[in-house]
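# Coordinate inspection notes
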Amino acid sequence: MKPLYVYTDELLKYRFNDTHPFNQMRLKLTTDLLTDAGFLTDEDIIKPRKATNEELALVHSRDYIEAVRAAGHGELSKEELAKYGLDSEDTPSFKDMHEKCAALVGATLTAVDLVMTGQTDKALSLAGGLHHGFSGKANGFCVYNDTAIACEYLAQKYGKKVMYIDTDAHHGDGVQWTFYNRSDIVTYSIHETGRYLFPGTGSATERGTEEGFGFTMNLPIDAFTEDESFLEVFKTSIEQAIQIFEPDIILSQNGVDAHFRDPMTHLALTSRSYEEIPRFVRGLADKYTDGKWIAVGGGGYNIWQVVPRMWSQVWLAMKDIDAPSGPLPEKFIDKYKEKCQVDFPVLWEDTLEDFTDIPRRVEIAEKNKSTLDRLMMYLEQ
């Protein structure tokens, strides 16, 4: 079965304001890059539905859902906005917020249904991946937590055990805490240590509670981690975890803000990691979950130089296409280069003239190896 790509221009309307760093124009750029390169056709694209209130309530409280609706129509007081996290600098309210956020969640659930009804075994919805939202509060650019809703939807509607894989630079806190006492949703997050970065959680000692103890896995890696160390830690731990927990399906969150050019984090990955991560996950799906893999987007705040090329690799991995090299399509360059205020990339792979060598590379790698060893010890218990 060919993979399917969930998209509509309506998903671009998730926008807090014109100066906010979360900019879904990156989704349009990625889609155009894939289309202009001949890797994405109209036959691959599925238009999403909107999530219902009942689906949102799989994770979010009813009063929060109503508050989001009211805030989007200017009907919530200042005190109520603050109570629900809808007046912060990170996550301010915006017009028709509920409707636009429900569309984003619906896109992720569309990808789930495409896989679970047998229309494909792999589906991608890059609009999603908002992993910070809590049951009753907006948080970290995230209003509704589509990834947590998708995991609960898979568990409740389809009775599946889910392996949630999060490679965003930021810890997937909203998803983790939603399922912290559960054993049917396994959460795995590899991220920059919370000593330096929002949300400050995700230590290796956060392992779950009650029947969920051991079903939460965190790999907080050191600032300025580079490709080789990241890939060693990730590949070793995630395959071991899947062998132990034997999930029915993989849902992966593919934030690309660990890239060295991302302005909001301190990691140092290059295109090498973003070529290898989704292809490794695809291999795990083919080996352990009968090919079933749902992928969403996530963080990524350099929308010109980083996100389109890195996110494209997820779709190409789904299609089992080797990472391309050489020039990007001329049509794409001509369309966007003049709109870009920074040096516009013209190659699929990174050029590294602006990559800063880190003198602590060996020390960082050793610290990450210690973190890996600790997790592996937990997994063997």
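What comes next is a walk through the structure. (Residues numbered from 1 in each chain as written. Predicted model: local features only at pLDDT ≥ 70, side-chain atom pairs only at ≥ 80, totals over all residues. Heavy atoms only, no water.)

## Regarding the pattern of salt bridges
By the definition in use, this model includes 31 salt bridges. Lys 2 is paired through a salt bridge with Asp 44; the nearest N and O atoms lie 3.8 Å apart. One end of the pair, Lys 2, is in the segment before β1 (4-6); the other, Asp 44, is in the loop between α1 (25-36) and β2 (45-46), with 42 residues separating them in the sequence. Note on Lys 2: relative accessible area 39%, which makes it partly exposed. With a relative accessible area of 5%, Asp 44 lands in the buried category. The shortest N-O distance in the salt bridge between Asp 222 and Arg 360 comes to 3.0 Å. (Salt bridge = Lys/Arg side-chain N within 4 Å of Asp/Glu carboxyl O. Helix = DSSP H or I, 4+ residues; strand = E, 2+ residues; numbered from the N terminus. Buried < 20%, exposed > 50% of the residue type's maximum accessible area, 1.4 Å probe, protein only.)

## A word on the sheet that holds strand β5 (residues 185-192)
With parallel pairing, the eight strands of this open sheet are ordered in space as β2-β1-β3-β8-β7-β4-β5-β6. Two strands in the sheet have a free side with no partner beyond their single neighbour: β2 and β6 (216-221). (Pairing = 2+ DSSP bridges.)

## Considerations on the layout of surface pockets
The computed volume of the largest pocket comes to approximately 240 Å³. Taken together, 21 residues line the largest pocket, and the ones lying closest to its centre are Gly 140, Phe 141, Phe 198, Met 264 and Tyr 301. A class-by-class count of the residues in the lining of the largest pocket yields eight nonpolar, nine polar and four charged. Of the voids in this model, the second largest pocket is the one considered here, and its volume is about 180 Å³. Lining the second largest pocket are 13 residues, with Arg 261, Asp 343, Pro 345, Thr 351 and Glu 353 sitting closest to its centre. Residues of the lining of the second largest pocket, tallied by class, amount to four nonpolar, two polar and seven charged. (1 Å grid on protein atoms, 1.4 Å probe; cavity = no way out; pocket = protein on both sides within 12 Å on 5 of 7 lines; lining within 4 Å. Points joined across faces, edges and corners; volume = space filled by probe spheres on them. Nonpolar A, V, L, I, M, F, W, Y, C, P; charged D, E, K, R; others polar.)

## Here's the deal with the nonpolar core
Within the largest apolar cluster, 123 residues are counted, with the highest numbers of intra-cluster contacts made by Leu 86, Met 163 and Phe 234. Ignoring any residue separated from it by four or fewer positions in sequence, one finds Leu 86 in contact with Tyr 64, Ala 67, Val 68, Ala 71, Leu 76, Leu 81, Thr 91, Pro 92, Ser 93, Met 97 and Ala 138. (Core = buried A, V, L, I, M, F, W, Y, C linked by side-chain atoms within 4.5 Å. Contact = heavy atoms within 4.5 Å.)

## Remarks on the side chain of Ser 252
Following the sequence through the fold, Ser 252 ends up in strand β7 (residues 249-253). The class for Ser 252 is buried, based on a relative accessible area of 2%. A distance of 3.0 Å separates a polar atom in the side chain of Ser 252 from a polar atom in the side chain of Asn 254. Excluding its chain neighbours within four sequence positions, the residues that come into contact with Ser 252 are Ile 165, Val 281, Trp 293, Ile 294, Ala 295 and Val 296. (Polar contact = N/O pair within 3.5 Å; in protein donor to acceptor, adjacent residues only side chain to side chain.)

## Considerations on the side chain of Asn 368
Checked against the element boundaries, Asn 368 lands in helix α12 (residues 361-380). Exposure remark for Asn 368: the relative accessible area of 1% places this residue in the buried category. Side-chain polar atoms of Asn 368 contact the side chain of Thr 225, separated by 2.9 Å. Apart from the residues within four sequence positions on either side, Asn 368 is in contact with Ile 221, Asp 222, Thr 225, Ser 229 and Val 233.

## Let's talk about α1
Look at α1: 16 Å from first C-alpha to last across twelve residues, which is about the 16 Å you get at 1.5 Å a residue. The buried fraction of α1 amounts to nine of the twelve residues, a majority that puts the element mostly inside the structure. Residues of α1 that are buried include every one of Arg 26, Leu 27, Leu 29, Thr 30, Thr 31, Asp 32, Leu 33, Leu 34 and Asp 36, and no others. Buried residues in α1 make contact with β1, α10 (307-318) and α11 (330-336). Where α1 terminates, the next one or two residues include Gly 38, which has phi positive at roughly 85°. (Expected span 1.5 Å × (residues − 1).)

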